[in-house]
Protein chains: 2
Amino acid sequence: MTIGSLAEATQTRVETVRWYEKVGLLPPPARSSGNYRLYGPEHLRRLSFIRRGRALGFTVEQIRDLLALADDRERSCGEVDTIARAHLADVERKLADLTRLASELREVIGQCGCGSVADCRIIEALSPLGEPA
Amino acid sequence: MTIGSLAEATQTRVETVRWYEKVGLLPPPARSSGNYRLYGPEHLRRLSFIRRGRALGFTVEQIRDLLALADDRERSCGEVDTIARAHLADVERKLADLTRLASELREVIGQCGCGSVADCRIIEALSPLGEPA
DNA sequence: ATGCACCCTGTAGTCACTACAGGGTCAAGG
DNA sequence: CCTTGACCCTGTAGTGACTACAGGGTGCAT
């Protein structure tokens, strides 16, 4: 399996696959006579794991930890749970922030009568000291 | 007003104020005899505008556009409205993504019995091909 | 033999800052 | 007058997670 097929199979860019190798998430594969990377099913599994983790919003560092835990099958699952719960808490905080943001934006936009900038409520809402800059 | 007081008044780091100047959001202020930056109320207004915009999630580029529009008080407010609506659409898309993410995470976490990694549902959920890497 | 798609390494760019390193300035206290 | 310490200056490099080349090599079909 060349890097191109692996990338296609996992919906990843070729450059990103090489980058995962560089930062140590993906082990260096064997090379062909022409120095092409040759991947096996193990690599496909590992890269799929990484991509799924990224899609769920885990950082690369968190995925590195999860991979290390997953490789040690005897270990208790508690640390995995801790990482996942911390991430969920993070996501929920961002969600709250964005929700507040959206409602502020909606309020600001609703007030715009679309006259001249001098009377624009959006510009005013952005100018906490009263006057636009 | 020195850069320190301006930064404090706007809840901004000193380095960030200098950075806004470098990228052209904040005009270069007068200098003291000892080469310190000296700011007036105009700068305070403009920096407040920038910070409020950032707090509402506008990109620096969007704020640059908004500032240019705000400086031209005769112009119609339509472009301001367009930028704000585009941004709101962006925020709402992110919100939907995060909502989906959070529910996926909650489901994954709920299934973890916290036994050994070999049986961990979280690791399994991250391994789309069945087996953990 | 030649075109073309694919692969290689290495570097620089993205965004919005943040963090120094290595110095200069200024006001207060001794 | 001298020192201490808080503040300021410029310039460069680092963050996260890639992305985008530049400049070259490989492999296969025509």
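Given the structure is predicted, the values throughout are model-derived calculations rather than measurements.

## What about the protein's contact with DNA strand C?
Around DNA strand C, the structure places 20 residues, and the nearest of them are Gly4, Arg18 and Arg37 of chain A together with Tyr36 and Arg54 of chain B. Here DNA strand C approaches the protein such that, of its atoms within 4 Å, sugar and phosphate make up 81%. Separating a base oxygen of DNA strand C from a side-chain N or O atom of Tyr36 of chain A is a distance of 3.4 Å. Contacts to DNA strand C include Thr16 of chain B, whose side-chain N or O atom sits 2.9 Å from a phosphate oxygen. Taken together, the elements giving at least two residues each to the surface near DNA strand C come down to helix H1 (3-9) and helix H2 (14-22) of chain A together with helix H2 (14-22) and helix H3 (41-55) of chain B.

## Quick word on the relation of the copies chain B and chain A
Between chain B and chain A, which share one sequence, the superposing operator has a rotation angle of 180° and an axial displacement of 0.0 Å; the RMSD is 0.1 Å. This pairing of chains is accounted for by a two-fold axis. Rotation axis and chain B: the residue whose C-alpha lies nearest the axis is Leu95 of chain B, separated from it by 3.2 Å. Interface residue correspondence from chain B to chain A reaches 100%, placing this contact among same-surface, isologous pairings.

## Some thoughts on the side chain of Thr10 of chain B
All names here are of chain B. Along the chain, Thr10 turns up in the loop between helix H1 (3-9) and H2. Side-chain polar atoms of Thr10 contact the backbone oxygen of Leu6, separated by 2.8 Å. Ignoring any residue separated from it by four or fewer positions in sequence, one finds Thr10 in contact with Leu44, Leu47, Ser48 and Arg51.

## Overview of the interface of chain B and chain A
Many authors give the size of an interface as the accessible area that is lost as the parts come together. Contacts between the two partners involve 59 residues from chain B, matched on the other side by 59 residues from chain A. Together, the buried faces of chain B and chain A total about 5300 Å²; carbon and sulfur atoms form 74% of this surface. The interface formed by chain B and chain A holds four salt bridges in total. Glu104 of chain A serves as the salt-bridge partner of Arg52 of chain B, at 3.2 Å between the closest nitrogen and oxygen. Inspection of the chain B/chain A interface yields five residue pairs in polar contact (both at pLDDT 80 or more). Only H3, helix H4 (60-71), helix H5 (78-110) and helix H6 (121-126) of chain B provide two or more residues apiece to the side of chain B that touches chain A. Here the side of chain B that touches chain A gets 19 residues from one element, more than from any other, and that element is H5 of chain B. Broken down by class, the residue content of the side of chain B that touches chain A amounts to 33 nonpolar, ten polar and 16 charged.

What counts, and where the lines are drawn
- Residues numbered from 1 in each chain as written.
- Chains lettered and ligands numbered in written order.
- Predicted model: local features only at pLDDT ≥ 70, side-chain atom pairs only at ≥ 80, totals over all residues.
- Heavy atoms only, no water.
- Near = heavy atom within 4 Å.
- Polar contact = N/O pair within 3.5 Å; in protein donor to acceptor, adjacent residues only side chain to side chain.
- Helix = DSSP H or I, 4+ residues; strand = E, 2+ residues; numbered from the N terminus.
- Least-squares fit on C-alpha atoms with pLDDT ≥ 70 in both.
- Contact = heavy atoms within 4.5 Å.
- Buried area = accessible area lost by both parts, 1.4 Å probe.
- Salt bridge = Lys/Arg side-chain N within 4 Å of Asp/Glu carboxyl O.
- Nonpolar A, V, L, I, M, F, W, Y, C, P; charged D, E, K, R; others polar.

Honestly, that's just the spatial picture; any functional story needs more than this.
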